[in-house]
Amino acid sequence: MSLAMAAAGVCSFALLYAPQPLLPQLAAEFGLDPGRASLAVSVATGALAIAVLPVAVLSELVGRRPIIVASVLASAALGLALPFAPSFETLLALRVLQGIAIAGFPGVAAAYLVEQLGRTGVAAAVGMMIAGNTIGGMAGRLASGFTTDWLGWHGALAAVALLALLCALLTVFTLPPGPRSRREQGSFTTAKREQSSLAPREAGSGRLRSVFAGIGLALRKPVLLAQYAVALLAMGSFVALYNAAGFRLTGEPLGLRPAVASLVFLAYALGSVSSATAGRLVGRLGRRRALLLGLSTTIAGTLLTLPDSLPLVIAGFLLLTAGFFAAHAVANGWAAAEAPDGARGQAGGLYTLAYYLGSSVGGTLGSVVYGHAGWGWLVAVVTTWLALAMLSCLPRPRAARSRPG
């Protein structure tokens, strides 16, 4: 299971963010500003955000494993088509389809792990899953960044697609089937008898009503709403910084070559360590303090990138990456553990929706801010978003309760 989930994470996230190091090259070839070039990333994450909740609902009906398998195979196939895009508009259309395909893995992975391992082991399991996702994101960015100087952006995307295809096949052959939840197990025999006496349309509508009722449950708990807010704001901040990183590192006064500038994505290795150890951090500090520590570390790293000094910029990216992935692991595990019975997939889908909506909207807005006002203003905007994320997870004062007479 660990091997399969790691391979699926590498496949999904290598494909999702492979164009990020190539944004300066895409901007130069198609005559784009940073904000428009960033659409190569944002349209995919936006499509993922839109698709993830329907995919999570579908997983309640057909199971988690079929969704994950279909996701990795379809996204890898679309990745192989990307290098042949004749125009930027065609590239964007393919990226939209790819984002929809990728949605199947992050949309159901946390729920799949909870069903396999139980609630008690979910914090460490989600941390390890995110560590695998981080390695995939880093591998995709490094593969495309390193190869673009001698293969061009077409060859760089093809190299990432081949890596993703190998990982997709590994997932297909090693991913174990997910067990039914206890609720499903307890009601399976009864439900089977009842459904045999109902018309197929009535049985299907009953299941759909149950699924949508689960969405309502996942939107009622304040602790879950706080995790959705953290996902939206923190991910938007993180992607905004990395979208602009290539322009900042290859432009003046730093002036690095694209292959050298792509080395900044090695910071993801530190993020994989911080996310994998998030479970232990939660055990020592509790979820809220661990989450606040991760977010405050992200802010500190962001501020460290302000001076036009390459060592400080690199140190800042290392720090903010470690902080972000620790915060994401804590928030994702918190949301999975607090999801009500019967709404586990829906809560995971809502968290992932917020996460990738932040990536799409925040990444584009941040690129526009950078293109028009520079790095300093981008840092100011991102710091504000991260501060709001911290506020969202602070404890709220309890309303005064009237005692029964």
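Preceding block: the structure.
Residues numbered from 1 in each chain as written. Predicted model: local features only at pLDDT ≥ 70, side-chain atom pairs only at ≥ 80, totals over all residues. Heavy atoms only, no water.

Colleague: Whenever I open this one, the overall build of the chain confuses me. Can you help?
Modeller: A count of helical and extended segments in the chain gives 18 helices and zero strands. In the chain, which comprises 405 residues, the proportion classed as buried is 55%. Restricting to contacts in the chain with at least 6 residues of sequence separation, those with at least 24 account for 84%. Accessible area of the chain: about 16900 Å², with a carbon and sulfur share of 67%. (Helix = DSSP H or I, 4+ residues; strand = E, 2+ residues; numbered from the N terminus. Buried < 20%, exposed > 50% of the residue type's maximum accessible area, 1.4 Å probe, protein only. Contact = heavy atoms within 4.5 Å. Areas by Shrake-Rupley, 256 points an atom, 1.4 Å probe, with all protein chains shown as cover.)

Colleague: What am I meant to see in a nonpolar patch on the surface here?
Modeller: A surface patch of nonpolar side chains, about 360 Å² in accessible area, is lined by L270, V273, L310, I314 and L318. Put simply, the parts of the chain that give the nonpolar patch at least two residues each are α13 (267-276) and α16 (310-338). Here the nonpolar patch gets three residues from one element, more than from any other, and that element is α16. By the secondary structure assignment, L310 is in helix α16. (Patch = residues over 30% accessible without salt bridge, like charges linked within 9 Å, V, L, I, M, F, W, Y side chains within 5 Å. Salt bridge = Lys/Arg side-chain N within 4 Å of Asp/Glu carboxyl O.)

Colleague: Is there a simple way to think about the packing of aromatic side chains in this case?
Modeller: To describe a pair of aromatic rings, one takes the distance between the centres and the angle between the planes. Enumeration according to the criterion identifies 20 aromatic pairs in this entry. Ring centres of Y355 and Y356 lie 4.8 Å apart, and the angle between their planes is 85°; on these two criteria the pair is classed as edge-to-face. With relative accessibility at 8%, the residue Y355 sits in the buried group. Given a relative accessible area of 2%, Y356 falls into the buried group. (Phe/Tyr/Trp six-rings, centres within 6.5 Å; stacked < 30°, edge-to-face > 60°.)

Colleague: Can you walk me through unusual backbone geometry in this structure?
Modeller: Trans is the common state for peptide bonds, and a negative phi is the common state for residues other than glycine. Of the consecutive residues E252 and P253, the connecting peptide bond is found in the cis state with omega at 10°. Take P253: it is sitting in the loop between α11 (222-250) and α12 (258-261).

Colleague: Would you explain the side chain of S75 in this entry?
Modeller: By the secondary structure assignment, S75 is in helix α5 (residues 64-81). There is a polar contact of 2.8 Å between the side chain of S75 and the backbone oxygen of S71. Among all residues touching S75, those that are not within four sequence positions of it are C11, L15, Q98, A101 and I102. (Polar contact = N/O pair within 3.5 Å; in protein donor to acceptor, adjacent residues only side chain to side chain.)

Colleague: Looking at this model, I keep getting lost on the environment of A56. Mind explaining?
Modeller: Inspection of the secondary structure assignment puts A56 in helix α4 (residues 39-62). With 55 residues separating them along the chain, A56 and A111 place their C-alpha atoms 9.1 Å apart.

Colleague: Sorry, what's going on with the nonpolar core here?
Modeller: Nonpolar side chains tend to gather and get buried jointly when the protein is soluble and globular. In terms of nonpolar packing, the biggest core is built from 117 residues, with Y242, L291, L295, F317 and Y356 touching the most fellow members. When residues are assigned to domains, this core turns out to be shared by domain 1 (1-177) and domain 2 (215-397), each giving three or more. Not counting chain neighbours up to four residues away, the residues in contact with F317 comprise L241, Y242, A245, V264, A267, T305 and W375. (Core = buried A, V, L, I, M, F, W, Y, C linked by side-chain atoms within 4.5 Å. Domains from an automatic or database assignment.)

Colleague: Can you help me understand the packing of α11 against helix α15 (residues 287-304) in this one?
Modeller: Helix-helix packing is described using two parameters, namely the angle between the two axes and the distance between the axes. Interhelical geometry of α11 versus α15 gives an angle of 20° and a closest axis separation of 12 Å. The angle between α11 and α15 places the two elements in the roughly parallel class. By crossing handedness, the relation of α11 to α15 is classed as left-handed. Only L291, L295 and T302 of α15 make contact with α11, whose side of the interface consists of Q227, V230, A234 and L241. Its residues placed into classes, the contact of α11 with α15 shows five nonpolar, two polar and no charged. (Axes fitted to C-alpha atoms, helices over the stretch in contact; angles between N-to-C directions. Parallel < 35°, antiparallel > 145°, perpendicular 65-115°, else oblique. Left-handed = near helix turned anticlockwise from the far one by under 90°. Nonpolar A, V, L, I, M, F, W, Y, C, P; charged D, E, K, R; others polar.)

Colleague: How should empty space enclosed by the protein be read in this particular structure?
Modeller: Here the idea is plain: a probe the size of a water molecule rolls over the atoms and shows the empty space left. Applying the stated criterion across every chain, the model contains five cavities of 30 Å³ or more. In this structure, the largest cavity encloses a volume near 250 Å³. Lining of the largest cavity is provided by 23 residues; of these, F13, N133, H328, Y355 and Y356 occupy positions nearest its centre. Among the secondary structure elements, those contributing two or more residues to the lining of the largest cavity are α1 (2-17), α7 (104-117), α8 (122-174), α11, α16 and α17 (344-373). Element by element, the count of residues in the lining of the largest cavity is highest for α8, at six residues. Residues of the lining of the largest cavity, tallied by class, amount to 15 nonpolar, seven polar and one charged. Built from parts of two domains, the lining of the largest cavity gets at least three residues from each of domain 1 (1-177) and domain 2 (215-397). When its volume is computed, the second largest cavity comes out at roughly 80 Å³. Secondary-structure elements contributing two or more residues to the lining of the second largest cavity are α2 (23-30), α11 and α12. (1 Å grid on protein atoms, 1.4 Å probe; cavity = no way out; pocket = protein on both sides within 12 Å on 5 of 7 lines; lining within 4 Å. Points joined across faces, edges and corners; volume = space filled by probe spheres on them.)

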